[in-house]
Amino acid sequence: MGPGPSDVNPRVLSALGRPTIGHLDPQFFMLMDEVKSLLQYAFKTKNDLTIPISAPGSAGMEACFVNLVEPGDKVVVCSNGVFGGRMAENVRRVGGQLILLEEEWGKPVNPEKLDALLSKNPDVSIVAFVHAETSTGVRSDAEHLCRIAKNYDCLVILDCVTSLGGIEVSLDEWKVDAAYSGSQKCLSCVPGLSPLSFSDAALKKLKNRKSPVNSWFLDLNLITDYWSGSEKRSYHHTAPVNSIYGLHEALIILKEEGLERSWDRHRQNHVLLRDHLEGIGLRFIVDEPYRLPQLNAVSIPDSVDEQAIRKSLLNDFDLEIGAGLGSLAGKIWRIGLMGYASNNGNVLYCVNALKEALSKNS
Ligand SMILES: *Cc1c(COP(=O)(O)O)cnc(C)c1O
């Protein structure tokens, strides 16, 4: 019950163990096509370029920046936590001109500040932000932020690593141009794959680049030759065949439940956890309307040895919760209720374990 990887559904574990067939086998191509359409369902998009990158969420992030940002492009990164900071670092490394819009950790990105910044900088071409900031448990209003970016004709890059499957993500409705996620958070698959989706506008920017993409492995021009629906798919890299079996199964499970019902389940289990945690005097660090149901960040009471508690949870209860990152290290715990792990039994188990650990260690 940390910030990911979440518990993997046993159905996904058994899919991983199917015999490995060739990455150019016609049957595997059929499975790839199903994965694409299941990902379109999960992301709520008709984008043709909707595929898993063969590497973890960080590679999906890097794929967006290395394909879309050309040297000299002005890019606004709205940063309110660890992952926004990584987006900014990506812009620097691909030679973009970074304009950083920083927000206090634990607060959502402020739409008015983005509007003001874009009106002062009419030559910005890309806006990037994290939908669900896993380092603090805060949700930014992606729909509103996209609307502002679109008013200034900017492309939007959206990090959906922790949001996909846990709260609403609607790429087409919100007009997101490039989005990436991760297999191991609310999709409850094994780590190591990054679902990614590019709009037509993003593809156009990619096709019109003046310089080649500064990464061979992540160049989407090459990757799409392998993932495109046509007959003449060609070898790019050896796809992680079994991991893709796993993702396929995880997405089928999500579709069987239905997106709305999955979001509902995440919210209900969050409410149950919230009530219990507040009942033992723990306080959330994020204001109510912006809390992520899948990542619950609470302050650690002054008198508590936080490491001893996490050690006791792990050793005595076989339970992992997350520590704080960066400036929040030692100050908060992060309790994940992601995907398959978001259930009533886990909530009660965690609360009881925490109560016992707290009473033993105080
Ligand atoms: C976990 C996470 C990532 C990175 O994903 P990895 O699979 O660990 O590379 C990026 N962004 C956010 C918001 C995340 O929670």
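Here the structure is a predicted model, which means the values were calculated and not measured. (Residues numbered from 1 in each chain as written. Predicted model: local features only at pLDDT ≥ 70, side-chain atom pairs only at ≥ 80, totals over all residues. Heavy atoms only, no water.)

Peer 1: How would you summarise the nonpolar core if you had to cite specific residues and measurements?
Peer 2: Judged by nonpolar contacts, the single largest core of 92 residues is most densely connected at Val-76 and Ile-157. Considering each element in turn, this core owes the most residues, 9 residues, to helix H2 (residues 26–43). Not counting chain neighbours up to four residues away, the residues in contact with Ile-157 comprise Cys-64, Phe-65, Leu-68, Met-87, Ile-126, Val-127, Ala-128, Phe-129, Ala-178 and Tyr-180. With 23 residues, the next largest nonpolar core counts Ile-300, Ile-309, Ile-335 and Ala-353 among its residues. (Core = buried A, V, L, I, M, F, W, Y, C linked by side-chain atoms within 4.5 Å. Buried < 20%, exposed > 50% of the residue type's maximum accessible area, 1.4 Å probe, protein only. Helix = DSSP H or I, 4+ residues; strand = E, 2+ residues; numbered from the N terminus. Contact = heavy atoms within 4.5 Å.)

Peer 1: Describe in detail the site of the ligand, supporting the description with residues and values.
Peer 2: Around the ligand, the structure places Pro-56, Gly-57, Ser-58, Phe-83, Val-130, Ala-132, Thr-134, Asp-159, Val-161, Thr-162, Gln-184 and Lys-185. Here Gly-57 contributes a backbone N or O atom positioned 2.9 Å from an oxygen atom of the ligand. A total of 380 Å² of accessible area belongs to the ligand in isolation, and the protein chains cover 88% of it. Across the shell around the ligand, the residue classes break down as 5 nonpolar, 5 polar and 2 charged. (Near = heavy atom within 4 Å. Polar contact = N/O pair within 3.5 Å; in protein donor to acceptor, adjacent residues only side chain to side chain. Areas by Shrake-Rupley, 256 points an atom, 1.4 Å probe, with all protein chains shown as cover. Nonpolar A, V, L, I, M, F, W, Y, C, P; charged D, E, K, R; others polar.)

Peer 1: So what's going on with the environment of Ser-183? Residues and values would help.
Peer 2: Relative to the assigned elements, Ser-183 resides in the loop between strand S8 (178–180) and strand S9 (194–198). When the C-alpha positions of Ser-183 and Gly-330 are compared, they lie 28 Å apart, and in sequence the two are 147 residues distant. Those residues in contact with Ser-183 that lie beyond four places of it in its chain are Ser-188, Cys-189, Val-190, Pro-191, Gly-192, Leu-193 and Pro-195.

Peer 1: How would you explain the pairing of strand S2 (residues 74–79) if you had to name every residue and give the values?
Peer 2: Burial analysis of S2 places 6 of its 6 residues in the buried class, which makes it a mostly covered element. Where burial is concerned, the two faces of S2 agree: the one with Lys-74, Val-76 and Cys-78 and the one with Val-75, Val-77 and Ser-79 are both buried. As judged from the 6 bridges shared by S2 and strand S3 (residues 97–102), these two strands associate in the parallel manner. Its bridge partner being in S3, Lys-74 is matched across the sheet by Gln-97. As judged from the 5 bridges shared by S2 and strand S4 (residues 124–130), these two strands associate in the parallel manner. Note that in S4 the partner of Val-75 across the bridge is Ile-126. (Pairing = 2+ DSSP bridges.)

Peer 1: Please set out a negative patch on the surface residue by residue, giving values where relevant.
Peer 2: A contiguous patch of negative charge on the surface is contributed by Asp-141, Glu-143, Glu-168, Asp-172, Glu-173, Glu-260 and Asp-264. Broken down by secondary-structure element, the contributors of at least two residues to the negative patch are helix H7 (171–174) and helix H11 (259–279). If you trace the backbone, Asp-172 turns up in helix H7. (Patch = residues over 30% accessible without salt bridge, like charges linked within 9 Å, V, L, I, M, F, W, Y side chains within 5 Å. Salt bridge = Lys/Arg side-chain N within 4 Å of Asp/Glu carboxyl O. Lys, Arg positive; Asp, Glu negative; His and termini not counted. Charge placed at Lys NZ, Arg CZ, Asp CG, Glu CD.)

Peer 1: Summarise the pattern of salt bridges; cite the residues concerned and give the values.
Peer 2: In total, this model carries 16 salt bridges according to the counting rule given. Residue Glu-70 is joined to Lys-205 by a salt bridge in which the shortest nitrogen-to-oxygen separation is 3.7 Å. Taken together, the positions of Glu-70 in the loop between helix H3 (57–68) and S2 and Lys-205 in helix H8 (residues 200–207) put the pair 135 residues apart, joining distant regions of the chain. Taking the relative accessible area as the measure of exposure, Glu-70 reaches 8% and is therefore buried. Under the relative-accessibility criterion, Lys-205 is labelled buried at 18%.

Peer 1: Give a description of the sheet that holds strand S12 (residues 332–336) that names residues and reports values.
Peer 2: The strands making up a sheet associate through hydrogen bonds between their backbones, and the pairing can be parallel or antiparallel. If you walk across this open sheet you meet the 3 strands as S10-S12-S11, and the pairing is antiparallel. Strands with a single pairing partner mark the edges of an open sheet, and in this sheet they are strand S10 (295–299) and strand S11 (322–323). Sheet topology places S11 next to S12; 2 bridges connect them, and they run antiparallel. From the neighbouring strand, Ala-323 faces S12, where its bridge partner is Trp-333.

Peer 1: Could you give an account of helix H12 (residues 306–317), with specific residues and numbers?
Peer 2: End to end, H12 covers 16 Å across 12 residues, agreeing with the expected 16 Å (1.5 Å per residue, within 8%). Glu-306, Ala-308, Ile-309, Ser-312, Leu-313 and Phe-317 are the residues of H12 that are buried. Summarising the axial view, the buried residues of H12 lie within an arc of 160 degrees, below the 170-degree limit, and thus occupy one face. Along H12, exposed side chains directed more than 90 degrees from the buried face belong to Gln-307, Lys-311 and Asn-315. Against the buried residues of H12 lie S11, S12 and helix H13 (344–360). At the C-terminal side of H12, Asp-318 shows a positive phi close to 60 degrees. (Expected span 1.5 Å × (residues − 1). Arc of directions from axis to C-beta.)

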